[in-house]
Amino acid sequence: MNHIRKEICVVAAEGLNRSGKGTQLQLLHQWLSENRIASVVIRGDGSRPGLGMGEGDPTNTWWQGFHDRLRGLSPTDQQHQWLIAARKIASEFQYWKNEYLPAKMQASQSLQGVLLVDRSLISRISLAKEFRPLCRLGQLYADPGGEDSTWRQLLPDRIISLEVSQTTLLSRLDQNDPKFGFRERLIRSCYTHHRQIVSSLPMVLRCITYPVDGDRPPERVAATIRSICLPMLHLDQLCPAV
């Protein structure tokens, strides 16, 4: 097996709230582990709790106070804070990919690793286009009018776009959830916008984006996602024949 080089792949999951991103990433993470491929699930856009409750969310006081810092800000100031958060998550992405996952691969003697990303460039475009309809990829992590090549470093090998009907998304909400009203408004207000973004992606993203019907049972969705990821993996070389 000396001819097999160590390599890392990046798989991102995209979709609105309750589309099943977290569930599918955990199922993929479990399947990769069963096949002796190191992986870790991280956030790729938005925010994270910073509470140290999981491998992909180490304790961080900056993240713990992030949403408190948003309170009382104007929409413009909130937008700037979300931009700062995006840059911070992008910096953490580099750590996960270049340091953490290689170390995990070495510890587990795995020749392949997969970085599993909850939200990625499609989510970033969606947020940016709310404020700047003509936003280019080079501006996703830059102040207005600026250019930044950060997005190139965050480019996944596969983007799984979970396509779920609005009716199904709403049916998955828990009415006992304290954030039920917020989540419901978000789904209703962002559904059309999100579909428009996915249907008009730049070619560099379109060619790596795989739409997946997320209305089906989770295990069937998971099987489709595995089939999309299989061409990147060397299961015949990494795993003993059974």
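Residues numbered from 1 in each chain as written. Predicted model: local features only at pLDDT ≥ 70, side-chain atom pairs only at ≥ 80, totals over all residues. Heavy atoms only, no water.

1. A short note on the pattern of salt bridges
So, point 1. If you walk through the whole model with that rule in mind, you get twelve salt bridges.
So, point 2. Put simply, Arg71 and Asp68 hold a salt bridge, and the shortest N to O gap is 2.2 Å.
So, point 3. When salt bridges that share partners are traced, they join Arg18, Asp177 and Arg183 into one network. (Salt bridge = Lys/Arg side-chain N within 4 Å of Asp/Glu carboxyl O.)

2. Some details on the pairing of strand 4 (residues 158–163)
So, point 1. Counting buried positions over the six residues of strand 4 gives six, a clear majority of the element.
So, point 2. The alternating pattern of strand 4 places Arg158, Ile160 and Leu162 and Ile159, Ser161 and Glu163 on opposite faces, both of which are buried.
So, point 3. As paired elements, strand 1 (residues 7–14) and strand 4 share four bridges and run parallel to each other. Counterpart to Ala12 in the pairing with strand 4 is Ile159. (Buried < 20%, exposed > 50% of the residue type's maximum accessible area, 1.4 Å probe, protein only. Helix = DSSP H or I, 4+ residues; strand = E, 2+ residues; numbered from the N terminus. Pairing = 2+ DSSP bridges.)

3. Topic: the environment of Ser199
So, point 1. The residue Ser199 is located in helix 8 (residues 180–199) in this model.
So, point 2. Along the primary structure Ser199 and Gly138 are separated by 61 residues, whereas in three dimensions their C-alpha atoms are 20 Å apart.

4. Comments concerning the environment of Leu27
So, point 1. Its place among the elements puts Leu27 in helix 1 (residues 21–34).
So, point 2. For Leu27, a relative accessible area of 21% translates into the label partly exposed.
So, point 3. Along the primary structure Leu27 and Leu73 are separated by 46 residues, whereas in three dimensions their C-alpha atoms are 38 Å apart.

5. A closer look at the state of the cysteines
So, point 1. Taken as a whole and assessed by the stated rule, the structure comprises zero disulfides.
So, point 2. Cys207 forms no disulfide, and the closest cysteine sulfur to it belongs to Cys9, at a distance of 15 Å. (Disulfide = S-S within 2.5 Å.)

6. Some thoughts on the nonpolar core
So, point 1. Among the nonpolar cores identified, the biggest contains 28 residues, and Leu115, Leu140, Tyr141 and Leu205 are the most heavily contacted of them.
So, point 2. Sorting the residues of this core by element identifies strand 1, strand 2 (38–43), helix 4 (75–108), strand 3 (112–118), helix 5 (121–131) and helix 8 as the ones contributing at least two each.
So, point 3. At six residues, helix 4 tops the list of elements feeding residues into this core.
So, point 4. Within the second largest apolar cluster, 21 residues are counted, among which are Val11, Val41, Val212 and Ile225. (Core = buried A, V, L, I, M, F, W, Y, C linked by side-chain atoms within 4.5 Å.)

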